[in-house]
Amino acid sequence: MNKKPNEMTIVEAASTLRSKELKVSDLWDACSEAVKTKNPKLNAYLEIFDADNAAITAAQKRVDAGDESLLCGIPLAIKDNILIEGKIASAASKMLANYRATYDATVIKKLKDAGALFLGRTNMDEFAMGSSTEHSAFGATKNPHDISRVPGGSSGGSAAAVAAHLAIAALGSDTGGSIRQPAAHCGIVGLKPTYGAVSRSGLIAMGSSLDQIGPLAKTVEDTRILYDAIRGIDALDATTIPDGLYGAPPPAGGPRNLRIGIPQHLLKEVIDADMRAAFDATLDVLARHGHTLVDIELPMSVYALAAYYIIMPAEVSTNLARLDGMRYGLATRGRMLLDDYVLSRTEGFGEETRRRILLGTFVLSSGYIDAYYRKADAVRIVLRREYDAAFSKVDVIAFPTTPSPAFMFGEKSDPLSMYLGDIFTVTANLTGMPAISVPMGYVERGGEKLPIGIHFTAPHQAEDALFAIGEAVEKTNNN
Ligand code: GLN
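Conventions we followed
- Residues numbered from 1 in each chain as written.
- Predicted model: local features only at pLDDT ≥ 70, side-chain atom pairs only at ≥ 80, totals over all residues.
- Heavy atoms only, no water.
- Core = buried A, V, L, I, M, F, W, Y, C linked by side-chain atoms within 4.5 Å.
- Buried < 20%, exposed > 50% of the residue type's maximum accessible area, 1.4 Å probe, protein only.
- Contact = heavy atoms within 4.5 Å.
- Near = heavy atom within 4 Å.
- Areas by Shrake-Rupley, 256 points an atom, 1.4 Å probe, with all protein chains shown as cover.
- Helix = DSSP H or I, 4+ residues; strand = E, 2+ residues; numbered from the N terminus.
- Nonpolar A, V, L, I, M, F, W, Y, C, P; charged D, E, K, R; others polar.
- Patch = residues over 30% accessible without salt bridge, like charges linked within 9 Å, V, L, I, M, F, W, Y side chains within 5 Å.
- Salt bridge = Lys/Arg side-chain N within 4 Å of Asp/Glu carboxyl O.
- Axes fitted to C-alpha atoms, helices over the stretch in contact; angles between N-to-C directions.
- Parallel < 35°, antiparallel > 145°, perpendicular 65-115°, else oblique.
- Left-handed = near helix turned anticlockwise from the far one by under 90°.
- Pairing = 2+ DSSP bridges.
- Polar contact = N/O pair within 3.5 Å; in protein donor to acceptor, adjacent residues only side chain to side chain.
- UniProt positions renumbered as here; feature names shortened; annotations may be inferred.

**Some words on the nonpolar core**
Grouped together as the largest cluster of nonpolar side chains are 104 residues, with contacts concentrated most on Leu111 and Phe456. Residues in contact with Phe456, not counting those within four places in the same chain, are Ile260, Leu286, Val396, Ile397, Ala398, Pro434, Ala435, Ile436, Leu466, Ile469 and Val473. Grouped together as the second largest cluster of nonpolar side chains are 36 residues, Tyr99, Met124, Phe127 and Phe349 included.

**A short note on the site of the ligand**
In the vicinity of the ligand there are 16 residues, among which Ala128, Thr175, Gly176, Ser178 and Tyr308 approach most closely. Relative to its unbound accessible surface of 290 Å², the ligand loses 100% to contact with the protein. With three residues, helix α9 (residues 304-319) is the largest single contributor of residues to the shell around the ligand. Here the residues of the shell around the ligand are counted per class, giving six nonpolar, seven polar and three charged.

**So, a nonpolar patch on the surface**
Together, Met326, Leu337, Leu338, Tyr341 and Val342 give the surface a local cluster of nonpolar side chains, amounting to about 440 Å² of exposed area. Mapped onto the elements of the fold, Met326 is located in the loop between α9 and α10 (337-348).

**Regarding the pattern of salt bridges**
Enumeration according to the criterion identifies 22 salt bridges in this entry. Salt-bridge contacts for Glu12 lead to Lys3; the nearest nitrogen and oxygen are separated by 2.9 Å. Note on Glu12: relative accessible area 19%, which makes it buried. The exposure class of Lys3 is partly exposed, given its relative accessible area of 35%.

**Brief notes about the packing of α9 against helix α12 (residues 370-390)**
Viewed as axis vectors pointing N to C, α9 and α12 meet at an angle of 125 degrees, and their least axial separation amounts to 9 Å. What the angle tells us is that α9 and α12 run oblique. Seen from above, α9 lies across α12 with left-handed handedness. Residues Ala304, Ala307, Ile310, Ile311, Ala314 and Glu315 of α9 form the contact with α12, whose participating residues are Tyr372, Tyr373, Ala376, Asp377, Val379, Arg380 and Leu383. Each residue belonging to the contact of α9 with α12 can be placed in one class, and the counts come to 10 nonpolar, no polar and three charged.

**Observations regarding the pairing of strand β9 (residues 396-400)**
Buried residues dominate β9, accounting for five of its five residues. In β9, alternate side chains face the same way, and those of Val396, Ala398 and Pro400 on one face and Ile397 and Phe399 on the other are all buried. Here β9 pairs with strand β11 (residues 448-457) via four bridges, running antiparallel. By the bridge assignment for β11, Pro400 is matched with Ile454.

**With respect to the side chain of Ser437**
Its location among the elements puts Ser437 in strand β10 (residues 435-445). Using a relative accessible area of 0% as the deciding quantity, one classes Ser437 as buried. Looking at Ser437, its side chain comes within polar contact range of the side chain of Thr401, at 2.8 Å. With residues near it in sequence (within four places) discarded, Ser437 still touches Arg180, Ala184, Ile188, Val189, Gly190, Thr401, Gly453, Ile454 and His455.

**As for the UniProt feature "active site" (unreviewed entry) in the chain**
Mapped onto the present numbering, the UniProt feature "active site" (unreviewed entry) falls at Lys79, Ser154 and Ser178. A maximum C-alpha distance of 11.0 Å places the annotated residues, which cover 100 residues in sequence, within one compact spot. Classification of Lys79 by relative accessible area gives buried; the value is 0%. In contact with Lys79, other than residues within four places in its own chain, are Thr122, Met124, Ala128, Ser154, Ser155, Ser158, Leu171, Gly172, Ser173 and Ser178. Looking at Lys79, its side chain comes within polar contact range of the side chain of Ser154, at 2.8 Å. A residue is classified by how much of its surface remains accessible, and Ser178, at 6% relative accessible area, is buried. Non-local contacts of Ser178, meaning those with residues more than four positions away in its chain, are made with Lys79, Ala128, Gly130, Gly153, Ser154, Ser155 and Ser173. One polar contact links Ser178 to Ser154, side chain to side chain, over a distance of 2.7 Å.

Put into structure tokens, the structure is as follows:
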């Protein structure tokens, strides 16, 4: 292999470990060296962990004994809102800057059982609110393809780490696009699983009915490996679902011909011309490879973004109410109890977080809850029906992941222009359906080649269809 160990995929690293060309400690050292050299420039990691020699030795023993877990000995990056026992989990907020997790998130427990290693915790928008990682209380992460641009968000640290080979793969969380959008901006693959497929136990909540943890990786195959390792019903999260809840899964794996739905009416005017051209070209190649393109209509989808920006802040405002300066998190004392709350929450939360708490409190308040929250919740049901109906005709629905490539720092400083970038990703969170972003080439901005992504949504629990179409797209990129 000519690749450096840190540049390998999970599959490549696992096979090199098994052929004994590489030891687990070599792989760890290569990743950890790369992190130490490049992180000061990128700020992908908020904290770099020391080598856990016991875990490295244990992983090596398992590999030597012929253990089949492909994640055994693989160094991963973990978003800073996923708890690892004994480590700080700050959600990139001053509020939780010193909060140390007292237990492992279920996904971490599963990864530890699989023998995976953890390189550190990655930067993000505060409490996962944003699309650029500029809302981190600890400085923005830079896009490895052009450091004057954002990596996307909110899982920008995880995406930049994988793209810059500062981790073999990573975990992020996705409430309205936070895995898929940074994956697209950094040129890697990102999956938002079906709601309930992956346990949220130990994830610092943003919008509980929308949040899912998922993988960011260099290939679709790696994405599937990580997804298989973290998924499954969990007694600690009552919203997790058993396999087959939504009916028999489609036939697994293998190349197959899929019907791809394209909602042309939603794509007009909102997408940069060269992104649109790349999207059309990718679909053309898929059609030439035997997949079928089908025009579909999703008339209610125009309301998805508005519904998301009501439901999400409503849930944010209730979830973050627990951070009151009393139980845990930053505590600033004033003259009276009310001062304690006000001072702690004003100092602890950044501007975007405060904006969403205010919006959420407003849409839930008496007199407005019917006009805003309940109406948005009704839109959610209608959207789900609309998508269910579309899936009687197609296997997956395609969009570009974002309307534009990665933007410059500060370019979207008014909140609304940032929110508009979520137009193609939020619906999967509102309906609970799984969705993937896969690289579909590059566009040029200011002399730099910037990666872009194609996005597919599938019916509940049909992740296999996403992996199949994702691998088909990877083939179109390679020839
Ligand atoms: N960009 C979206 C937002 O700002 C999505 C965030 C997320 O998925 N966590 O809300």
